[in-house]
Amino acid sequence: MAGLTIDNVTKKFQSFAALKNVSIDVREGEFLAVLGPSGCGKTTLLRIIAGFEQVSQGEVRIGGKVVSSSNFNVSPEKRRIGIVFQNYALWPHMNVAENIGYSLKVAKVPNAEREQRVAEALKLVDMEGYGERAPANLSGGQRQRVALARCLVATPELVLFDEPLANLDVHLRASMEDEFADFHKRSGTTVVYITHDQSEAMALADRIAVMDHGQLVQLDTPHKLYHEPATPMVASFISQGIVLPVDVLAAGTDGTCAANLFGQPLSLRCRPGDGPRAGALACCRSEAVKIVNTDAPGFDGTITRVVYQGGLARIEFRPDATSDRIVHFVQPDPVTLEVGQTARLAFEGGWLIPA
Ligand code: ADP
Ligand code: MG
């Protein structure tokens, strides 16, 4: 087990920078998710950590030792890193035990020790008794567990996952998330887990690194990302936060500030010292949106869409005060709102996105 440091890493393909000055510290034993939309540089980062690509600038250190810089690159097989891909990459002509033990065989680990380590790895992923099976006779989830066992058998210092659940159906995903979480608890391995799925990242990770266009935009706990997004991109990418234009009138001393939204006063949580300014942005979460009576403070507008999703409806609201902002929020059952109806909304608590 080892910690990992990505130190100011830039990766260029010809003139195109796929990663720009990315710095991430992963603690020993930590489960870190790297989250971002397709094309933001996640796989490039994983390939650099694994050693398949060399950095253009900056440094990668594993357990404090430099493994990649602009003039130096430790090859993948010398890094003691395990990788689990989305397509499993199991050998079809080998049974489960042979797949798992393959790297040990190549390393000439004696038979008895190999068998024992394969059995331990199978146990770690809850697949005892499946050693003789062919990969073709396993479910998608079982194959992914075999891929995990195969990477763990080599006792890696670091385990990398590249969108490992992307090929599985929704129900299987949830149970595999639980299994990955259990595996991490049991093994205590340092994990870097790449995904474009924020609910997966939130369910699993101690901290999440959010990436956009090759840059790290925020590295925080799931809770902080949700409640205190650092940029509008994070606010909307994480659980589709409602991003609204506000003018900040005065900063309080208690972590809140007085702001103006569509001409109405609003109190926002903010970073200490975040001061008065016009044209700022606030993030409000769906559960903080309330329908209020017309004699209460709030914002009038029209309901323009209601999509029932079982247990709740996704509501689209257009404030009268502005033509270019649509507010999405959810109303839990019983869903009472209807298209065309006017309503007054109140935002009970929001977060001032830092300047
Ligand atoms: P993600 O995994 O987040 O979808 P990638 O790391 O695969 O993103 O790609 C990031 C960007 O870098 C994309 O614009 C992609 O086209 C580009 N890219 C990745 N690998 C190469 C390469 N070998 N040569 C040129 N461009 C690349
Ligand atoms: Mg990718």
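Up top you'll find the structure we're talking about.
Remember, it's a predicted structure, so these values are computed and weren't measured experimentally. (Residues numbered from 1 in each chain as written. Chains lettered and ligands numbered in written order. Predicted model: local features only at pLDDT ≥ 70, side-chain atom pairs only at ≥ 80, totals over all residues.)

Another point: the overall build of the chain. Secondary structure assignment for the chain yields 8 helices and 21 strands. Reported as C-alpha extents along the three principal axes, the dimensions of the chain are approximately 80 × 50 × 40 Å. Taken over 355 residues, the chain has a buried fraction of 37%. Within the chain, contacts between residues at least 6 apart in sequence are counted, and of these 63% link residues at least 24 apart. (Helix = DSSP H or I, 4+ residues; strand = E, 2+ residues; numbered from the N terminus. Buried ≥ 20, exposed ≤ 12 C-beta atoms within 10 Å, placed from the backbone. Contact = placed C-beta atoms within 7 Å.)

Given 3.6 residues per turn, any residue in an α-helix points the same way as the ones three and four places further on. Between its first and last C-alpha atoms helix 4 (residues 140-152) spans 18 Å; for 13 residues at 1.5 Å apiece the expected length is 18 Å, and the two agree. Among the 13 residues that make up helix 4, 10 are buried, leaving the element largely enclosed by the rest of the structure. All buried positions along helix 4 are accounted for by R143, Q144, R145, V146, A147, L148, A149, R150, C151 and L152. Contacts made by the buried residues of helix 4 are with strand 7 (81-85), helix 2 (96-106), helix 3 (111-124), strand 8 (158-162) and helix 5 (170-187). (Expected span 1.5 Å × (residues − 1).)

To continue, consider the sheet that holds strand 5 (residues 65-69). Strands sit in the order 2-1-4-5-6 across an open sheet of 5 strands; the sheet is antiparallel. Edge positions in the sheet fall to strand 2 (16-26) and strand 6 (72-73), since each of these pairs with one other strand and no more. One ladder, built from 3 bridges, connects strand 4 (residues 57-62) with strand 5; its direction is antiparallel. Looking at strand 5, one finds that I62 is bridged to K65. (Pairing = 2+ DSSP bridges.)

We now examine the packing of helix 2 against helix 3. It is the contact of helix 2 with helix 3, at a shortest axis distance of 9 Å, that shows an interaxial angle of 130°. Taken together, the axes of helix 2 and helix 3 lie oblique to each other. Seen from above, helix 2 lies across helix 3 with right-handed handedness. Contacts between helix 2 and helix 3 involve A97, I100, G101, L104 and K105 on the former and, on the latter, R114, R117, V118, A121 and L122. (Axes fitted to C-alpha atoms, helices over the stretch in contact; angles between N-to-C directions. Parallel < 35°, antiparallel > 145°, perpendicular 65-115°, else oblique. Left-handed = near helix turned anticlockwise from the far one by under 90°.)

Before going further, it helps to examine the environment of A17. Of note, A17 is situated in strand 2. Linking A17 and G41, residues 24 residues apart in sequence, is a C-alpha distance of 9.3 Å. Non-local contacts of A17, meaning those with residues more than four positions away in its chain, are made with T10, K12 and G214.

Within the structure, ligand 1 sits among F13, F16, A18, G36, S38, G39, C40, G41, K42, T43 and T44. For the shell around ligand 1, the secondary structure elements donating two or more residues are strand 2 and helix 1 (42-50). Residue contributions to the shell around ligand 1 peak at 3 residues, all from helix 1. Partitioning the shell around ligand 1 into residue classes produces 4 nonpolar, 6 polar and 1 charged. (Near = placed C-beta within 6 Å. Nonpolar A, V, L, I, M, F, W, Y, C, P; charged D, E, K, R; others polar.)

This brings us to the sheet that holds strand 16 (residues 289-292). In spatial order, the strands read 16-20-17-18-19; together these 5 strands make up an open sheet with antiparallel pairing. In this open sheet, the two edge strands, each paired with only one partner strand, are strand 16 and strand 19 (327-332). Ignoring which end each strand starts from, the neighbouring axes of this sheet average 50° apart. In this structure, strand 17 (residues 299-308) lies alongside strand 18 (residues 312-319), joined through 7 bridges in antiparallel fashion. Considered in strand 18, the bridge of T302 is made with R318.

Once that is clear, we can look at unusual backbone geometry. Omega for the peptide link from D333 to P334 comes to 0°, which places this bond in the cis form. With respect to the helices and strands, P334 occurs in the loop between strand 19 and strand 20 (342-347). Even without glycine at this site, Q14 takes up a positive phi of about 50°. Mapped onto the elements, Q14 comes out in the loop between strand 1 (4-13) and strand 2. With phi around 40°, T155 is a residue other than glycine that occupies positive phi space. Structurally, the position occupied by T155 is in the loop between helix 4 and strand 8.

A few words on the pairing of strand 13 (residues 256-261). Burial along strand 13 is one-sided: C257, A259 and L261 are buried, while T256, A258 and N260, pointing the other way, are not. Judged from the 4 bridges that link them, strand 12 (residues 242-251) and strand 13 form a sheet pairing that is antiparallel. Bridging across to strand 13, A251 finds its partner in C257. If you look at the hairpin formed by strand 12 and strand 13, you'll find 4 residues sitting between the two strands, and G255 has a positive phi there, around 80°. Here strand 13 runs beside strand 14 (residues 264-269); their pairing, made up of 6 bridges, is antiparallel. Following the sheet pairing, A258 is matched in strand 14 by S267. In sequence, strand 13 turns back onto strand 14 through a hairpin of 2 residues, with F262 there showing a positive phi of about 45°.

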